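Residue-level structural notes
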Amino acid sequence: MKNNLFVINELRCENLQEFIGIDCIKPRLSWKIQSQLHEVKQKDYKIMVSSTKKKLIEEDYDLWDSGKITDDRSVNVEYKGETLNSRETCYWKVKVWISDYVYKESEIAYWEMGLLNKEDWQGQWIGMGKRYKQSWSPLFRKEFFVSKEVKKARIYLTGLGYYEASMNGTKIGDHVLEPAQTDYDVRVFYTTYDIASYLKKGNNAIGIMLGDGWYNQTRMWKHKVMYGNPRLLCQIEIEYEDGAKEVIFSNTSWKCSLGPIVLNHVYNGETYDSRMVQSGWNFPGFNDEEWFMTQIESKPGGALASQMMPPIKTMEFIDPVNISEPQNHVFVFDFGHNLAGWTKLTVEGVAGAEITIRYAESLSENGMINTNSCSLKNLFIPQTHRYIIKGEGKEIYEARFNYSGFRYAEVTGLTCKPDISVLKAIAVYTDLEESGEFESSNGDINKIHQMARHTITSNLQGNITDCPIREKCGWLGDAMIVSDSIMYNWNSVHFWEKFVKDIESSRKVNGQWTMVVPGKRTCGEAAPAWGTAQVTIPLLLYIFYEDKWILKDQYQAIKDWTDHLRSRCEAYLISFGIGDWWYPGGRENLDVPHDLISTAYFFQSATQTAEIAKILGFEEDYQKYTILSHKIKKAFNKRYFNKGKNSYGSQTADSFALKIKLVEESYVQKVVKALVKSIRDEGFHLTTGHIGTKYVFEVLTDFGYKEEAYKTLVQSGYPGFVYLINKGYTTLPERWEGDQDYGVPRNTGSLNHPFKCGFDAWLFSHLAGIRPLKPGFKEIMIKPTPMGDIKWIKGSFDSIYGKIRSHWRMDKGIFEIDATIPANTTAKIVLPFDSDVAIMCGENISCVKKETYTKNGGYIDVGSGVYSFKQKL
Ligand code: BGC
């Protein structure tokens, strides 16, 4: 055996590394193979799983020995060993053969099971009962004794709406705004933390603070959206070195009190009265005689589930770039770009003095903050944090249970001019693993990409929201249109699986698909352009992550959604719903009738349902939905196609119809021309709302009009991305006008709205040219598209098999590309210039001949490895 030819690493269980709290009994196992060699493929594998590390080392695979399996599958291999139990730690490794004689074993990894059964929970749901005061954050505490050396200690914990837990005064973990929002009548997330290092021999104390979160949200969308008063469920399990076990759990022996957060609300803000801080409340030995006894609260209706999607964390710390004083003693901090989160205030003052921080996305002409984008008609309170000083020297305050969307923070109540140490911004969002890198020689494109990323991260809040300053809601259409952009940029499989389950749970509770998920704010029946997320997002999960499980899990719901649309159509046309949102100059794009969009999504739904049926092997369903899609296509073209103009009437309709193959074959080129004409006639401007903005670029590029796509992308006039950047917007506004020139004093549209970021996927798929040909990028296409004055692009995507790179440059008449193809995958590389031009292969690719390239019709087939190609322009 040659030992240094390859390594196996990144062993993952359910796509998570060394995760505590796996809650499915047949988890999927994956590993990555890394090698400097070319054309490395897994030939066989053997998975070994033991209940202890020692057993694994001693080759006692008591949980599972898969045996040597001849298969190139290295992702999502279902565990098929002994039945897994709650709390069980599974140590595992994998042995991989890349030929009969060349093999390698991975290092040891582990996963740990969560609490799988209701019976595992001894803890009771507790709260303050009648002592609770609306919107006032309660504190809970319990002391317990640790008598011996601790071997293992876990806390299984949830608190609704939000919790922050500490052990002996130290915050447990680094998650914030936990748990992620769900429909609490269907499921409630708990988290498992390893708390061994927090414990000490002797007396210990757990302290938990609760926030209202989405569970007790009362002020927006009326009271009916509320679930109940804050409550928690906690179970601490300690295993001692001598084998003894102990469980401490939430019950009526815990005590509670109202805490210093005297107001907290997901929309309105937070007020912290530090005079009410009870020092030592979360340490052992605190005198809690005056605290109340806790009360048993009813269990939320939802089943407990381990939160396997990444938590929300404090992700970026930002110093102000400017501090102004537009009015006496009113200080405005500018953090340079728009974000979602909160601030960290450092202050000294007299007891009882109040510091008020109000957040906004823009400034008025007089330099004061402009809160117009932050208010809703039914909510006139701008996002505000209040801090009441204790008066004992330097004090630091950060919000806990509320986040705001802002670039500017207005601070009042300070007694002297602040410097930058007084207030810092903290961007808070779901901590997804980065998976995409994109950079180009064109600074504007880089800024557009960063703008899209900032907009998206601001809205990753355990849910994909429409904006962080106004509704904070998971609109299905917004989510669907941006989902592949998010998948290119971040490993988001659990994020999206959770979202898809939210769609399912919302339907369960409401008896129909809703515009918004999860929770009780539904905004009515889902329009086709919103509800088709039920079909499209699972399919994308399969394409990006080879996630067949979600297709199986959602198959009935997927079919039900398409059948539901079928039942709502008349002669295969759908008339209800809403369409392309916020086009230049207005809200609903009237050039794109909503019934056209609804019917087009009906078609997308039918074709994708057919595709999913095929993947899952349901041939009859495949036939059924394929026939349905043909009928919709016929009806759609009869109703909406203007043969005189060879168009469906708008950039959105033409590009979307082309993208989803709704155009009759004989008219495809004509519709492309109509789209190109519209782009040119408009002076390379978009006329699109959230739907068209995603598809125009991709379709123009696919049909060879990349210069039109490029000019439209870097357009500096209105409407355009660069126009917005030049106007100072750092996140994408809901409206192409941002908050300018609209003349409506309130509700100007948010300035941080991800639903126009759908185009960002195209930077990866077309400019860098990294695309999946088989699920999970098992087969890859590298098809870079030089355009405009772009001299180079560095793009990469961290797939489940490993990092795919496409770095290309053009210089002195030569196009050059370095492409990395991960082990156990293959790729087709399509060079951008005519194949008759000489291809000068890089050093390592004597295997690739010009003849192969031309013979295969324009692509080079390669196995894994690092390649470099040169081509004369
Ligand atoms: C939201 C949008 C959403 C739309 C649909 C708006 O208020 O912010 O993003 O999709 O409503 O009606």
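Right above here is the structure, for reference.
Model, not experiment: these values are computed from the prediction. (Residues numbered from 1 in each chain as written. Predicted model: local features only at pLDDT ≥ 70, side-chain atom pairs only at ≥ 80, totals over all residues. Heavy atoms only, no water.)

1. A short note on the sheet that holds strand β42 (residues 779–782)
- Overall, mixed pairing links the four strands, which are arranged β41-β42-β46-β48 in an open sheet. Both edges of this open sheet fall to β41 (770–772) and β48 (860–862), since each of them pairs with a single strand only. The sheet shows a mean angle of 25 degrees between the axes of neighbouring strands, taken without regard to direction.
- Relative to β48, strand β46 (residues 826–829) is paired through three bridges, and the arrangement is antiparallel. Bridging from a neighbouring strand, K828 pairs with D861 of β48. (Pairing = 2+ DSSP bridges. Helix = DSSP H or I, 4+ residues; strand = E, 2+ residues; numbered from the N terminus. Axes fitted to C-alpha atoms, helices over the stretch in contact; angles between N-to-C directions.)

2. Brief notes about the pattern of salt bridges
- Inspection of the entire model under this criterion finds 60 salt bridges.
- Taken together, the shared-partner salt bridges in this structure form one network comprising E10, R12, K32, E433 and D798. (Salt bridge = Lys/Arg side-chain N within 4 Å of Asp/Glu carboxyl O.)

3. Points about the site of the ligand
- Around the ligand, the neighbouring residues are D466, R470, E471, W475, D478, W530, I578, W581, E734, H753 and F755.
- Here an oxygen atom of the ligand sits 3.2 Å away from a polar atom, N or O, in the side chain of W530.
- At 2.9 Å, a side-chain N or O of H753 approaches an oxygen atom of the ligand.
- Starting from 310 Å² of accessible surface for the ligand in isolation, the protein chains cover 88%. (Near = heavy atom within 4 Å. Polar contact = N/O pair within 3.5 Å; in protein donor to acceptor, adjacent residues only side chain to side chain. Areas by Shrake-Rupley, 256 points an atom, 1.4 Å probe, with all protein chains shown as cover.)

4. Section: the nonpolar core
- Formed by 203 residues in total, the largest nonpolar core has its most connected members in W496, Y648 and L713.
- Considering each element in turn, this core owes the most residues, eleven residues, to helix α8 (residues 594–616).
- Listed in part, the 31 residues of the second largest apolar core include L5, L29, I33 and V94. (Core = buried A, V, L, I, M, F, W, Y, C linked by side-chain atoms within 4.5 Å. Buried < 20%, exposed > 50% of the residue type's maximum accessible area, 1.4 Å probe, protein only.)

5. Thoughts on the side chain of S50
- Along the chain, the position of S50 falls in strand β4 (residues 44–50).
- A polar atom in the side chain of S50 sits 2.9 Å from the backbone oxygen of D60.
- In this structure, S50 is in contact with K55, L56, D60, Y61, D62, L63, T89, C90 and Y91, ignoring residues within four places of it in sequence. (Contact = heavy atoms within 4.5 Å.)

Function cannot be inferred from these measures alone, as they are strictly geometric.
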